[in-house]
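Secondary and tertiary structure notes
Letter by letter, the chains look like this.
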Amino acid sequence: MTECTSLQFVSPFAFEAMQKVDVVCLASLSDPELRLLLPCLVRMALCAPADQSQSWAQDKKLILRLLSGVEAVNSIVALLSVDFHALEQDASKEQQLRHKLGGGSGESILVSQLQHGLTLEFEHSDSPRRLRLVLSELLAIMNKVSESNGEFFFKSSELFESPVYLEEAADVLCILQAELPSLLPIVDVAEALLHVRNGAWFLCLLVANVPDSFNEVCRGLIKNGERQDEESLGGRRRTDALRFLCKMNPSQALKVRGMVVEECHLPGLGVALTLDHTKNEACEDGVSDLVCFVSGLLLGTNAKVRTWFGTFIRNGQQRKRETSSSVLWQMRRQLLLELMGILPTVRSTRIVEEADVDMEPNVSVYSGLKEEHVVKASALLRLYCALMGIAGLKPTEEEAEQLLQLMTSRPPATPAGVRFVSLSFCMLLAFSTLVSTPEQEQLMVVWLSWMIKEEAYFESTSGVSASFGEMLLLVAMYFHSNQLSAIIDLVCSTLGMKIVIKPSSLSRMKTIFTQEIFTEQVVTAHAVRVPVTSNLSANITGFLPIHCIYQLLRSRSFTKHKVSIKDWIYRQLCETSTPLHPQLLPLIDVYINSILTPASKSNPEATNQPVTEQEILNIFQGVIGGDNIRLNQRFSITAQLLVLYYILSYEEALLANTKTLAAMQRKPKSYSSSLMDQIPIKFLIRQAQGLQQELGEITGTDALLRRMLLTNNAKNHSPKQLQEAFSAVPVNNTQVMQIIEHLTLLSASELIPYAEVLTSNMSQLLNSGVPRRILQTVNKLWMVLNTVMPRRLWVMTVNALQPSIKFVRQQKYTQNDLMIDPLIVLRCDQRVHRCPPLMDITLHMLNGYLLASKAYLSAHLKETEQDRPSQNNTIGLVGQTDAPEVTREELKNALLAAQDSAAVQILLEICLPTEEEKANGVNPDSLLRNVQSVITTSAPNKGMEEGEDNLLCNLREVQCLICCLLHQMYIADPNIAKLVHFQGYPCELLPLTVAGIPSMHICLDFIPELIAQPELEKQIFAIQLLSHLCIQYALPKSLSVARLAVNVMGTLLTVLTQAKRYAFFMPTLPSLVSFCRAFPPLYEDIMSLLIQIGQVCASDVATQTRDIDPIITRLQQIKEKPSGWSQICKDSSYKNGSRDTGSMDPDVQLCHCIERTVIEIINMSVSGI
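Residues numbered from 1 in each chain as written. Predicted model: local features only at pLDDT ≥ 70, side-chain atom pairs only at ≥ 80, totals over all residues. Heavy atoms only, no water.

**Thoughts on the overall build of the protein**
Selection criterion: Strands are runs of DSSP state E lasting at least two residues, helices are runs of H or I lasting at least four, and both sets are numbered from the N terminus onward. When accessible area is computed with a 1.4 Å probe and restricted to protein chains, residues below 20% of their type maximum are described as buried, those above 50% as exposed, and intermediate ones as partly exposed. In this description, contact between two residues means that some pair of their heavy atoms is separated by no more than 4.5 Å. Here, Shrake-Rupley sampling with a 1.4 Å probe gives the accessible areas, and only protein chains in the shown set may cover a residue.
The helix and strand inventory of the protein stands at 64 helices and 0 strands. Taken across its 1169 residues, the protein has 49% of its residues classed as buried. Long-range contacts, defined here as pairs at least 24 residues apart, represent 74% of the contacts in the protein between residues at least 6 apart. On the protein, roughly 55400 Å² of surface is accessible, and the fraction owed to carbon and sulfur atoms is 52%.

**Some details on the packing of aromatic side chains**
The geometry of an aromatic ring pair is captured by two quantities: the separation of the ring centres and the angle between the planes. This is how the line gets drawn: Pairing of aromatic rings covers Phe, Tyr and Trp, the last through its six-membered ring, and needs centres within 6.5 Å; plane angles under 30 degrees mean stacked, over 60 mean edge-to-face, and all others mean tilted.
Tallied over the full model, the rule gives 14 aromatic pairs. Seen in terms of ring centroids, Y985 and F1021 are 5.1 Å apart; in terms of plane orientation they differ by 80°. Their pairing is edge-to-face. Pair noted here: Y985 is in the loop between α54 (974-983) and α55 (990-996) and F1021 is in helix α57 (residues 1016-1032), with a separation of 36 residues, a long-range link.

**Observations regarding the pattern of salt bridges**
Let me state the cut-off plainly: In the sections that follow, a salt bridge refers to a side-chain nitrogen of Lys or Arg positioned within 4 Å of a carboxyl oxygen of Asp or Glu.
One pass over the structure, following the stated rule, counts 26 salt bridges. E615 is paired through a salt bridge with K566; the nearest N and O atoms lie 3.4 Å apart. Taken together, the positions of E615 in helix α34 (residues 613-619) and K566 in helix α32 (residues 566-574) put the pair 49 residues apart, joining distant regions of the chain. The residue K892 makes a salt bridge to E889 at a minimum N-O spacing of 3.1 Å. Of the two residues, K892 and E889 are both situated in helix α49 (residues 883-911); the distance of 3 residues between them amounts to about one turn of the helix. Of the residues examined, K892 reaches a relative accessible area of 13% and is grouped as buried. The class for E889 is partly exposed, based on a relative accessible area of 32%. Residues participating in the shared-partner salt-bridge network are R35, E167 and D171.

**Describing the packing of helix α4 (residues 38-46) against helix α5 (residues 54-67)**
In helix packing, the relevant descriptors are the interaxial angle and the interaxial distance, both defined with respect to the helix axes. Definition in use: To obtain each axis, a line is fitted to C-alpha atoms, and for helices this fit is confined to the stretch in contact; angles are then taken between N-to-C directions over 0 to 180 degrees. Throughout this description, any angle smaller than 35 degrees is read as roughly parallel, any larger than 145 degrees as roughly antiparallel, any in the 65 to 115 degree range as roughly perpendicular, and the remainder as oblique. Each crossing gets its handedness from the near helix: less than a right angle anticlockwise from the far helix is left-handed, clockwise is right-handed. Classification used: nonpolar for Ala, Val, Leu, Ile, Met, Phe, Trp, Tyr, Cys and Pro, charged for Asp, Glu, Lys and Arg, polar for all others including Gly.
One way to put it is that α4 packs onto α5 with a least axis distance of 10 Å and a crossing angle of 130°. On the basis of the axis angle, α4 is oblique to α5. In this structure, the crossing between α4 and α5 has a hand that is left-handed. Packed against α4, whose contacting residues are L38, L41, V42, M44 and A45, the element α5 presents W56, K60, I63, L64 and L67 at the interface. Tallied by class, residues from the contact of α4 with α5 come to 9 nonpolar, no polar and 1 charged.

**Here's the deal with the confidence of the model for the protein**
Heads up, the condition is: The quantity known as pLDDT measures the predictor's confidence residue by residue, on a range of 0 to 100.
Put simply, the protein has an average pLDDT of 80, and 81% of its residues get 70 or more. In the predicted structure, residues 625-633 sits below a pLDDT of 50 and forms 13 contacts with residues beyond four places in sequence or in another chain. Per-residue pLDDT stays below 50 along residues 1125-1142; that stretch engages in 20 contacts with residues further than four places along the chain or on separate chains.

**Side note on helix α16 (residues 253-263)**
Convention followed: To obtain the arc, one takes the directions from the helix axis to the C-beta atoms.
Those residues of α16 that fall on the buried side of the exposure criterion are A253, V256, R257, M259, V260 and E263. The arc enclosing the buried residues of α16, seen along the axis, measures out at 155°, which places them on a common side. Buried-residue contacts for α16 involve α14 (214-223), α15 (233-248), α17 (267-280), α18 (289-299) and α19 (303-318). At the C-terminal side of α16, C264 shows a positive phi close to 55°.

**Topic: the layout of surface pockets**
How we decide: Think of a 1 Å grid over the protein atoms and nothing else: a 1.4 Å probe that fits but is trapped marks a cavity, an open set flanked by protein within 12 Å on at least five of seven lines marks a pocket, and residues with an atom within 4 Å of a point count as lining. Grid points are joined across faces, edges and corners, and a volume is the space filled by probe spheres set on the points.
One number sums up the size of the largest pocket: a volume of about 730 Å³. For the lining of the largest pocket, the element with the most residues is α49, which contributes 3 residues. Here the residues of the lining of the largest pocket are counted per class, giving 16 nonpolar, 7 polar and 6 charged.

**What to know about the nonpolar core**
Convention followed: Put simply, a nonpolar core is a bunch of buried Ala, Val, Leu, Ile, Met, Phe, Trp, Tyr and Cys residues held in one set by side-chain atoms that sit within 4.5 Å of each other.
If you look at the biggest cluster of nonpolar residues, it comprises 233 residues, and the most contacted ones within it are L245, F309, F425, M427, F513, I616 and Y646. Sort the elements by how many residues they give to this core and helix α35 (residues 637-656) lands first, with 12 residues. With residues near it in sequence (within four places) discarded, F513 still touches F425, L448, L472, V475, A476, F479, F518 and T519. Counting residues in each nonpolar core, the second largest holds 125 residues, with Y985, I1002, L1004 and A1022 among its members.

**Regarding unusual backbone geometry**
Along the chain, T578 connects to P579 via a cis peptide bond; the corresponding omega equals -5°. Turning to its location among the elements, P579 is positioned in the loop between α32 and α33 (584-596). Despite not being glycine, C264 has its phi angle at roughly 55°, a positive value. Looking at the secondary structure, you find C264 in the loop between α16 and α17. Its relative accessible area of 1% is what places C264 among the buried residues. Of note, the phi angle at R556 is positive, near 60°, even though the residue is not glycine. For R556, the position within the fold is in the loop between α30 (545-554) and α31 (557-560). R556 sits in the buried class, given a relative accessible area of 12%.

**With respect to the side chain of D900**
Within the element layout of this structure, D900 appears in helix α49. If we skip the residues at most four places from it in the chain, D900 touches L850, K854, M969 and I976.

**Quick notes on the state of the cysteines**
Inclusion rule: Only a pair of cysteine sulfur atoms within 2.5 Å qualifies as a disulfide here.
Per the stated rule, a full pass over the model turns up 0 disulfides. Counting only cysteine sulfurs, C960 is the nearest neighbor of C964, a cysteine outside any disulfide, at a range of 6.9 Å.

**Here we look at the packing of helix α46 (residues 790-800) against helix α48 (residues 836-863)**
Close contact between α46 and α48 brings their axes to 11 Å; oriented N to C, the two are set at 120°. Classified by the interaxial angle, the pair formed by α46 and α48 is oblique. In this structure, α46 meets α48 at a crossing whose hand is left-handed. Residues R791, W794, V795, T797 and V798 of α46 touch α48, and the partners they reach there are I841, H844, M845, G848 and Y849. Looking at side-chain class alone, the contact of α46 with α48 contains 6 nonpolar, 3 polar and 1 charged residues.

**Focus on helix α53 (residues 954-972)**
Quick reminder of the rule: For a helix, the expected span equals 1.5 Å multiplied by the residue count minus one.
The end-to-end C-alpha separation of α53 is 27 Å, in line with the 27 Å expected for 19 residues at 1.5 Å each. Within α53, burial applies to L955, R956, V958, Q959, I962, C963, L965, L966, M969 and Y970.

**Concerning the environment of S288**
Condition: Polar contact is the term for a pair of N or O atoms within 3.5 Å; when the atoms are in protein, one must be able to donate a hydrogen and the other to accept it, and sequence-neighboring residues count only if both atoms are side-chain atoms.
With respect to the helices, strands and loops of the structure, S288 is situated in the loop between α17 and α18. Counting along the chain gives 50 residues from S288 to E338, while the straight-line C-alpha distance between them is 8.5 Å. With near-sequence residues (within four places) excluded, S288 lies in contact with T278 and E338. One polar contact links S288 to E338, side chain to side chain, over a distance of 2.8 Å.

**Considering the environment of Q405**
Checked against the element boundaries, Q405 lands in helix α23 (residues 397-407). Of the residues examined, Q405 reaches a relative accessible area of 4% and is grouped as buried. Taking the C-alpha atoms as reference, Q405 lies 9.6 Å from P344; in sequence the two are 61 residues apart.

The structure is reproduced here in structure tokens:
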């Protein structure tokens, strides 16, 4: 917008004063500056303020005093006196009319037929008509903009072009927008002003009078802008307008630039604003804002921004109009000036001496860069690489010349200097077209020669281990082996950007490297002299000597040119530390290969020398001999492990290549057995394992240990071999034992191929004669596989453990089947129930599928919620709309409870001994009674043996596993425990469950409820359960529940019939002994209860009263005189409990049971005393 250059814009000082409403600063403005701000100031002075403070009242007086001497204020006051409501109504009618008749209609409601031109009409009109004239013209432009569909047009308008009336038109425009903001949105007005002459000036005045709208206007203009602004007139006018706005408010220029990048519009504006900012904030030594901005666009992670700006660069080069007005030209010129600003122009005497004498006199050799310029130079090099490699910038001759001079300059020996040289070298490789003349090529060769000579000095002075010398050596080796793709990857990695480099462009550099600078013999000779990296570890990044040596070993350059590399490798292995560098193991492997395998058949002696035994012993000097084994401080554990790995790998490779070496009539020496005897291999491996457990994966020794601990057999065992080994079980268990032991050394991911073989052969492990060790190892492998493939593993295991029935085809279950019915897991081969390792796996799967079933049903409930018919929600009765949902949830919970309780009941049934086990003498009693039997048996030795038989059997181990799972289930949901005990289970299992399940104490909460049940069986079960709980948990709560049980028994005595009385008291009377043992205070109550029971029974036996009365009499005497227990106990008939056993009368039997119970209580009480 060159038409605006002669006009006066609002200054940054004036705009800031308007933003802050700084009246003092406004008063200091000159009359021309103040004239531009009159619309806002007049409205501020006349309109009622929202701020009623005293300070604003004083400021308002100052504004009025300021305006009193300005003549143009009167015309603005007249403009504010118009009826804007009527004006807005007429404007709305005119817009409707234009929309109805089309934009080209000349009729207007705002303005009648004009007698003269628009300018004369404006001059002769009063304030209301002037407002209508400007509003009509502005609405016409805005309508045309909305109908143009983004195509730019230029509208010629006398009103906005006449220099005489520009200020008056601007006043009218500002007043209109301020008074009619809904009709004239400021963003739409700003968009329309771009299409008229002097639009940028009008826009700046409009924004200056509404300073709060600055960001809104800028964002709107950018959002509606073109993706490439330099391609069209509209884009350039939009860019110029925004630049004028940012010059008026420079503090927001960088924020506007951020909007440009965010929207990916107007790239020229972003560069222009950066150029303006760079000029204002000039910095000679640091990296300029222009370099940072453009580098961020091209090297950032946002691919959209990178493509957008790259297109701007490419399009800018294609235009013929590359004049100083182009933003791209200005950017390139500024970058070139910055580049030339850091180039020293004084010759260096030292450099001239290094150059060849025959060098052309016109070759310009620059001296070293200043230290403060090195970082800036590196940033410029990366920027030019991005511009040329990513954005496709084609440098001019001047740019190419100055870039080459910068790349071949000599930085100081600092870490930044090392980085600069590496970047320069990679840039030469990436853009070899920068070297176009023989003189420039000679300059590059001199610079490369300087790099080779100064590399050691740079590394020692800068303190950087990964210097540019290794990169030179590595590139030379890649050129010799024609690995051009590796060079391209190296260049891209060093530059930090992915650029396209054609392999053909490296042909000239390859010739220079392989024939002039680095011949293969020079490379190998130089590589041996490169010092090893001190304390080499994975923390040291970059290109190191070890990379170069590794490549030369792979290409067999050392053996080809008869250069010994053994000493260098030995020194590097000694200089290592944790975490382990990833290149060390490949280096050892390729070194061993170069020792055993000649470089060519024609020269079988062309091999490297192995490390001597004495050198190996020197490393292990601190750990050889003596009881006080400790690591020598001279060599780290990493060095010792690497040398140990070298020895083991060397011996392994020697055995593997025996046939090949014999055919070549070569027999390399093996290390002596005495050397292996002196190395504490197991100690070193344990040290490494302990270090790895302490520090985790950061030690880097995981791969090393895995490769040392695994033999060839372990690596080569296939699933097919494992299947063959399983087929031989149980006739031959050795082979399968060896294979699965090796498999335990593999990681979980490496075990996946063996999963199907392991699970499919589990049924064979159920046969008799399979060693326990095999079962335990399979269990261990299964648990490892469970960490990586649980779903598929569980399905395969369930299908493999199905019972085999002849002539019946086994069903193959799916994951969905098992989630719907988890109890399928327990329908396995019955032999699994007595195989603890496989039972452990079964219980693990059962627990998992029970949980999966709950999640599956909950998800199913939610999925089918939308498919239900809508009539359920339209029930007529109020308050019943949610009833179906509640019912579905209750049904789901009931199903899950039934499922869990069924699983628990099946598991408890498994805990019972089978008929075969009972026949073999397996004691069905619980853990508690087994332990007690071992303690109380009169023959200690015999009792201990029997106790061990009971405690160490498979049944006992299975019972322990089941009790652990039931404990977890009870803790997770106590309602399961309540449901199971209300259902009941064999009383033989009560000692087992109470002693083996720690969470059984929760049963004390619901035993009163269970005793209150009407069924006699449940009452009996509750009292028996309570008796065991009182022994296990002698707590106050247990005492209160036990007292309740005694009272209930006394109550039932009065209401039960004779048959029911016998059925109830015969199994529950022994529980009274446990109550007394746990709680002696209950003695009196229990004895009274027993006498009452005896009296009731005696009264019902009229025919045998003479037999029963003596019993009742004795019980009464025992209660009154407990000392008489001794005479009763002497009677063997009471001890054996066989008195009157011939009587079949239930009451008689019950009386004898009462007597035995009483005697047992008294014996227990006296023995306790």
